[in-house]
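Here's the letter readout for the chains.
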Amino acid sequence: MILSALILIPLIGALLIGVWPTAVDSNQVRRGALITLAVNLVVTIVLITQFDISNPDFQFIEQLNWIEALGLTYSLGVDGISLPLVVINSLLCFVSVYISNEVKRPRLYYPMLLLIASAVAGAFLAQNLLLFFLFYELELIPLYLLIAIWGGARRGYAATKFLIYTAFSGALILAAFLGLALLSETGSFDYNPSLVQGLTMFQQTLLMGFLLIGFGIKIPLVPFHTWLPDAHVEASTPISVLLAGVLLKLGTYGVLRFCVGLFPEAWMKIAPLLAWWAVVSVLYGSLAAIAQTDMKKMVAYSSVGHMGYILLAASAANPLSILGTVLQMVSHGLISALMFLLVGVVYKKTGTRDLNVLRGLMAPERGLPFIGSLMVLGAMASAGIPGMMGFISEFIVFRGSFESHAPQTLLCMVGSGLTAVYFLLMINRVFFGRLTAAPDDVGGTIEVTLPKVSWRDRVPALLLVLIIFAFGLQPEWMTRWVESTTTSFVPGAMRAATLVSQPSISQSSISQFQTTQSTKPLQQVATKQHNEPKAETISSESTPLAFAPLL
Amino acid sequence: MTTTSITQLQPAPVYSSAEYVERLISGGTLLPNTPENLKEVVGVLKAYGVVLDAYAINLQYIANHQFLNLIPIFKYFDGEITPEKVIKHLWHNRINYEYAEYVMRTMMWHGGGGLDAYLDSEDFWACCAPAIQAKARRNPILFAFNKLFPEYLPEQVRQLAYYSGLGQFWRVMSDIFMDLSEQYEQGNIKSINAVVEFVKAGLVADAARPITYSVTIGGTPYDIIPPSIGLTFLPDTAVPYVESIFFRGTPFFGTVSYNAQAQQIPIDQAQFGYGALFADPLPIGGAGIPPTLLMQDMRHYVPDYLTELYETSVRGQDDVRVQLSQSFQKSMFCVTEAAVRGLMPYPADTADPKERVLNQDYLNGWMKRLTESRLDVVQSHSDN
């Protein structure tokens, strides 16, 4: 029931706020939403404490037949890949309600946020393809409204564009799911890697292609990315935080779970191409970020770049790189949420995000020194400076992908360098120098006194920075939840494909390398390698069987 | 750009120096006469008076009691060394006497006036040699030092003379500012003009006050600046002080960095424009920026009416040092104006056309020097 609670608690909260019989003011509504999400967060923590880290399979499985004729069952489960995403969702939804303040029409706004929390949790937990699709689509409605009602000047345009793109994405995904059910002649939509067994390679590739483009729009990958900067620019800060931190992860999660998970052979076949696609996405996103003059657009394009790493790691599809995808999802979720939070504070205090206007915000007393310092930390984390989570995730992504896709990995690493370029450009323009403004319509520069920054503006960002540092310094706190799932996630067929693609290194040394990595947490690799390599090899043979309960 | 608090602000209007000259001749003041300005100026001068008092006492203490002490560890303690005072000193929540020394060194470096001329004269050598010898007799290190580097100790004594000179100057100024504050609180000061006149009267009253300096070594007094030299308050300390601290100053580190090779700093010292009237109040707050120290010191002595005024600003008490800096700049324009008025060759309301022209020329000369100052900015500072 604990998984259903994660979906139901925000849903009930949303309903209560929406239909509460007496008049309530904005603050009371906000408090109600906060309490709801606090309960949700507590439930999430309970889930973490009860999660069995040694079990690579789905846990806390719940199953209810819903509409049997359609093959729609209400089945939920959580494994090492979805757990961190569920946690991030609970955390960032709480943060985004916390930073929402003085919104108009609170009784619509907060229920919408809660609905997102519910739908996203549902999507991450769903064990049935149709159920996933339902949640995936359900989350579009509140997000569309949140942008279209509470957004900036061009909110109508941005919201509609977002809706068209993501609805198209949903249609492709639905088509793929339907195709899978039809072609596999089971009529079942339950998540089951054996569904594809009867399919020809062409059918598999076609279905996977549909899914890939569908999720690629959501991630977003170049050239399907254009909705994202627009949506970010027009969305208010809390929505941007959610969009970057959580909602984009639906795309990468979908790629991982449904493309890699359901179509491993087809995936491996086109993996090198996908890695090149990742390169295009990373480099295009990063270069586009350099050219931006709007801070929010810059962060949005940096998202495009950084989500490309996930595709790169997924295309390598070895235990280490799959671990990298999950870490990168979490790390990007936290870091981009942090950046959007901070840009939001800058915008709130200065009324602009224009890099040509803002100057010297680091000024003590009159500027935003604390926010500026956090922004420097965020930029460092994003650029992968050691000691912060960005380093760990990018390092594992690159380390995991290098062996199978060396040129693509090297080119993606250029993207890491470019991250430093655009964020330093931004920080240099916005935070350094003398505090002035250079508005377009007034000649020269003028004196500025920025309003006070309250602790309410600082605390959420500070919290995220602390988490980023904690996982950066002690990645084991993160990897231990994920590793047993990610190591067994790569089916044997795929592993064989990986091996074949590396003729230059002897097969036995690779299998030994992979087995040691795949079965034990990272830190144990070195010691185990010396002590008992044979025993490890045996256990690795059995890892594909970890999928047995699903078959 | 979207709706913003920034676009609502406008750049400061540009005034021509002719307007200021006209204003001064017709009895107006450089700083606009508004109730806020009056509060700011008097309030900040009160805080400044308290701090100057401490600076003046300490500068004279160092000059008189730390004479040629090469390692003056306790020079800021005014002779009273207690564990509490040491802790307070190290904790840095104290009067930053370092600022007084910065000012002293700046003044010494720019020089000017009778004090500077005297310290380079034969008379000074004649006065300081016996004192140095008396000190060296008791101290073999000093003795050896003096033999090896005969120019070194006299240069130290020159600096000590500046310690003393600045201390005496600030003694007077501190008293003027404290009196001003008292008069204001009694309701006798009602306009910026009254402030300027009060300061002017104070300067004039003490104009001829002698500046002297003597130290006692082993019970024997040694004159370093004997009264016979005839140094006096106004021409030999006040005017050089205004020149070197209000106008020239030194470029200090902040968020703006200077490139001396690209001649962003004038080669001619007289062209310097980094003084109190030119300084940017904003790049303070970093370590090692002298004005920050002064604002930090004044922060403890801001009168209630000024604190209330500051609290109504956008940042409230957060940026009190910047606000103090801005108020301080305003008050220094008043002090400058008092000096300018005091030195005016003829009465401002003279009927003689010739005198009027000379007055005009005199004021034009001053205003030309203030072109680059922040005089235009303080005309419209109401947003803080």
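Structure first, text after, so check above.
Computed from a predicted model, the values in this text were never measured in an experiment. (Residues numbered from 1 in each chain as written. Chains lettered and ligands numbered in written order. Predicted model: local features only at pLDDT ≥ 70, side-chain atom pairs only at ≥ 80, totals over all residues.)

**Q** I tried to follow the overall build of chain A on my own but got confused; where do I start?
**A** Helix and strand content of chain A: 22 helices and four strands. Counting across all 551 residues of chain A, residues that qualify as buried make up 58%. Taking the intrachain contacts of chain A between residues at least 6 apart in sequence as the baseline, contacts between residues at least 24 apart amount to 78%. (Helix = DSSP H or I, 4+ residues; strand = E, 2+ residues; numbered from the N terminus. Buried ≥ 20, exposed ≤ 12 C-beta atoms within 10 Å, placed from the backbone. Contact = placed C-beta atoms within 7 Å.)

**Q** Could you clarify how one ought to interpret the pairing of strand 2 (residues 72–78) of chain A in this entry?
**A** Residues and elements named next belong to chain A. Where strand 1 (residues 59–67) meets strand 2, six bridges bridge the pair, whose relative direction is antiparallel. Bridged to Gln59 within strand 2 is Val78. In this antiparallel pair of consecutive strands, strand 1 and strand 2, the connection spans four residues, and Gly71 shows a positive phi of 85 degrees. (Pairing = 2+ DSSP bridges.)

**Q** Just to check I follow, could you spell out the nonpolar core for this structure?
**A** If you look at soluble globular proteins, the nonpolar side chains tend to sit buried side by side. All names here are of chain A. Counting 188 residues, the largest nonpolar core has Cys259, Leu338 and Leu342 as the members making the most contacts within it. The element contributing the most residues to this core is helix 13 (residues 319–350), with 19 residues. Sequence-distant contacts of Leu342, that is, excluding residues within four places in its chain, are made with Ile371, Leu374, Met375, Gly378 and Ala461. (Core = buried A, V, L, I, M, F, W, Y, C linked by C-beta atoms within 7 Å.)

**Q** Before we go on, may I ask you to explain the packing of helix 3 (residues 82–99) of chain A against helix 10 (residues 237–262) of chain A in this structure?
**A** The description of two helices packed together rests on the angle between their axes and the distance between the axes. All names here are of chain A. Contact geometry of helix 3 with helix 10 gives a least axis separation of 8 Å together with a crossing angle of 165 degrees. Compared by their axis directions, helix 3 and helix 10 come out roughly antiparallel. For the crossing formed where helix 3 meets helix 10, the hand is left-handed. For the pair helix 3 and helix 10, the contacting residues are Leu85, Ile88, Asn89, Leu92, Cys93, Val95, Ser96 and Ile99 in the first and Thr237, Pro238, Val241, Leu242, Gly245, Val246, Lys249 and Tyr253 in the second. (Axes fitted to C-alpha atoms, helices over the stretch in contact; angles between N-to-C directions. Parallel < 35°, antiparallel > 145°, perpendicular 65-115°, else oblique. Left-handed = near helix turned anticlockwise from the far one by under 90°.)

**Q** Looking at this structure, how should I read the environment of A:Phe60?
**A** Mapped onto the fold, A:Phe60 is located in strand 1. Taking the C-alpha atoms as reference points, A:Phe60 and A:Ala316, separated by 256 residues in sequence, lie 30 Å from one another.

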